[in-house]
Amino acid sequence: QKEVEQNSGPLSVPEGAIASLNCTYSDRGSQSFFWYRQYSGKSPELIMSIYSNGDKEDGRFTAQLNKASQYVSLLIRDSQPSDSATYLCAVKIPGTYKYIFGTGTRLKVLA
Amino acid sequence: EAGVTQFPSHSVIEKGQTVTLRCDPISGHDNLYWYRRVMGKEIKFLLHFVKESKQDESGMPNNRFLAERTGGTYSTLKVQPAELEDSGVYFCASSHEETQYFGPGTRLLVL
């Protein structure tokens, strides 16, 4: 089992819809979780960090964390074509500053 | 505030040659990280500096890779001699605390 798993996609959603991106992780002791967006050929750009169970909202983005089920998700409301990118889930290894990444989910928002 | 910068953006070398990658972190960030993404795989941790000290180099693949951060500012990652499997995108990231900010990467192709 991979340490951080994401569906590679592509996930296609129509413009204006909600895009739901999921990530599961294997280390039950993990406490810090991050979502990055990466456009092709560009640097990963931090969207959200989440540390506590529940929802965290920032504009059109909502991160959801469920430590009991070991998953973290990212919801994008009112999806725009400019949201088309690869979304990377990263989990910090407890006691270190090391991140473990998933392979990323490619999102396509169709105009 | 300037982000993380990396040089060069692309490098094409032959097997057996030496390549040196450079990373300039965000000013004031004591933590500097190197990661690598090979084709089709997830981004993987290579090592972590705190100022000029190597805090964690558990991800370095072998002794052909040498990272330095003299003076605790910019860092270099040297690959000598390069092998075909070293091809990929090398990302640098920096942080003040645990949230990491990534550079655009250096795309290395070893022929």
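The structure presented is a predicted model; accordingly, all values stated were derived computationally and were not measured. (Residues numbered from 1 in each chain as written. Chains lettered and ligands numbered in written order. Predicted model: local features only at pLDDT ≥ 70, side-chain atom pairs only at ≥ 80, totals over all residues. Heavy atoms only, no water.)

(A) How the structure looks around the pairing of strand β6 (residues 54-58) of chain A. Residue and element names in this part refer to chain A. Pairing geometry for β6 and strand β7 (residues 61-66), over five bridges, is antiparallel. If you follow Gly 54 over to β7, its bridge partner there is Leu 65. A loop of two residues connects β6 with β7, the two strands running antiparallel in sequence, and Gly 59 in this loop sits at a positive phi of about 65 degrees. (Pairing = 2+ DSSP bridges. Helix = DSSP H or I, 4+ residues; strand = E, 2+ residues; numbered from the N terminus.)

(B) Seen up close, the state of the cysteines. Residue and element names in this part refer to chain A. Overall, the coordinates contain two disulfides over all chains when judged by the stated rule. The disulfide bridge from Cys 23 ends at Cys 89, spanning 2.0 Å between sulfur atoms. Across the S-S bond linking Cys 23 and Cys 89, the dihedral sits near -70 degrees, which makes this disulfide left-handed. Taken together, the residues span a long stretch of sequence, with Cys 23 in strand β3 (residues 19-25) and Cys 89 in strand β9 (residues 85-92) at a distance of 66 residues. Judged on exposure class, the residue Cys 23 and its partner Cys 89 are both buried. (Disulfide = S-S within 2.5 Å. Buried < 20%, exposed > 50% of the residue type's maximum accessible area, 1.4 Å probe, protein only.)

(C) Spatial organisation of the pattern of salt bridges. All names here are of chain B. Under the criterion given, the structure shown has 10 salt bridges over all chains. Ionic pairing is found between Lys 15 and Glu 83, a salt bridge with its closest N-O pair at 4.0 Å. Here Lys 15, found in the loop between β2 (10-13) and β3 (19-24), pairs with Glu 83, found in the loop between β8 (75-79) and β9 (88-95); they are 68 residues apart in sequence, far enough to count as distant. Exposure remark for Lys 15: the relative accessible area of 52% places this residue in the exposed category. By relative accessible area, which is 22% here, Glu 83 ends up partly exposed. A salt bridge links Arg 22 to Asp 24, with the nearest nitrogen and oxygen atoms 2.7 Å apart. Classification of Arg 22 by relative accessible area gives partly exposed; the value is 33%. (Salt bridge = Lys/Arg side-chain N within 4 Å of Asp/Glu carboxyl O.)

(D) How the structure looks around the sheet that holds strand β7 (residues 65-68) of chain B. Residues and elements named next belong to chain B. Taking strand neighbours across the sheet as the criterion, the four strands line up as β1-β3-β8-β7 in an open arrangement whose pairing is antiparallel. Since the sheet does not close on itself, it has two edges, and those belong to β1 (5-7) and β7, each with one partner. Recorded for the sheet is a direction-independent mean angle of 15 degrees between the axes of neighbouring strands. Examined bridge by bridge, β3 and β8 share five bridges and lie antiparallel to one another. Each bridged residue has a counterpart across the sheet, and for Cys 23 the counterpart in β8 is Ser 75. (Axes fitted to C-alpha atoms, helices over the stretch in contact; angles between N-to-C directions.)

(E) Representation of the nonpolar core. Membership of the largest hydrophobic core comes to 24 residues, with the highest contact counts inside it found for A:Trp35, A:Val72, A:Leu74, A:Ile76 and A:Tyr87. For this core, the elements supplying multiple residues, two or more each, are β3, β4 (33-38), β5 (45-50), β7, β8 (71-76), β9 and β11 (105-110) of chain A. Judged by nonpolar contacts, the second largest core, of 21 residues, contains B:Val4, B:Ile26, B:Leu47 and B:Tyr90. (Core = buried A, V, L, I, M, F, W, Y, C linked by side-chain atoms within 4.5 Å.)

(F) Highlighting the interface of chain A and chain B. At the junction of the two partners, chain A supplies 19 residues and chain B supplies 22 residues. Summing both partners gives a buried area of about 1,600 Å² for chain A against chain B, and 56% of it is carried by carbon and sulfur. The interface formed by chain A and chain B includes two salt bridges. Of the charged contacts in the structure, one is a salt bridge between B:Glu98 and A:Lys92, with a shortest N-O distance of 3.6 Å. (Contact = heavy atoms within 4.5 Å. Buried area = accessible area lost by both parts, 1.4 Å probe.)

(G) Layout of the environment of B:Ala82. Residues and elements named next belong to chain B. Mapped onto the secondary structure, Ala 82 falls in the loop between β8 and β9. Look at Ala 82 and you get buried, because its relative accessible area is 0%. Expressed as a C-alpha distance, the spacing of Ala 82 and Lys 41, which sit 41 residues apart in the sequence, is 20 Å. The contacts of Ala 82, once residues within four sequence positions are left out, are Ile 13, Lys 15, Gly 16, Gln 17, Arg 64 and Val 110.

(H) Summary view of the environment of B:Phe102. Topologically, B:Phe102 is positioned in strand β10 (residues 101-102). For B:Phe102, a relative accessible area of 7% gives the class buried. With near-sequence residues (within four places) excluded, B:Phe102 lies in contact with A:Tyr36, A:Ser43, A:Pro44, A:Phe101, B:Val4, B:Tyr35, B:Phe91, B:Cys92 and B:Ala93.

(I) Quick peek at the sheet that holds β3(A). Residues and elements named next belong to chain A. The strand order β1-β3-β8-β7-β6 describes an open sheet built from five strands, whose pairing is antiparallel. Pairing within the sheet leaves two strands with one partner each, and these edge strands are β1 (4-5) and β6. The sheet contact formed by β1 and β3 spans two bridges and is antiparallel. Within the sheet, the bridge partner assigned to Glu 5 lies in β3 and is Thr 24.

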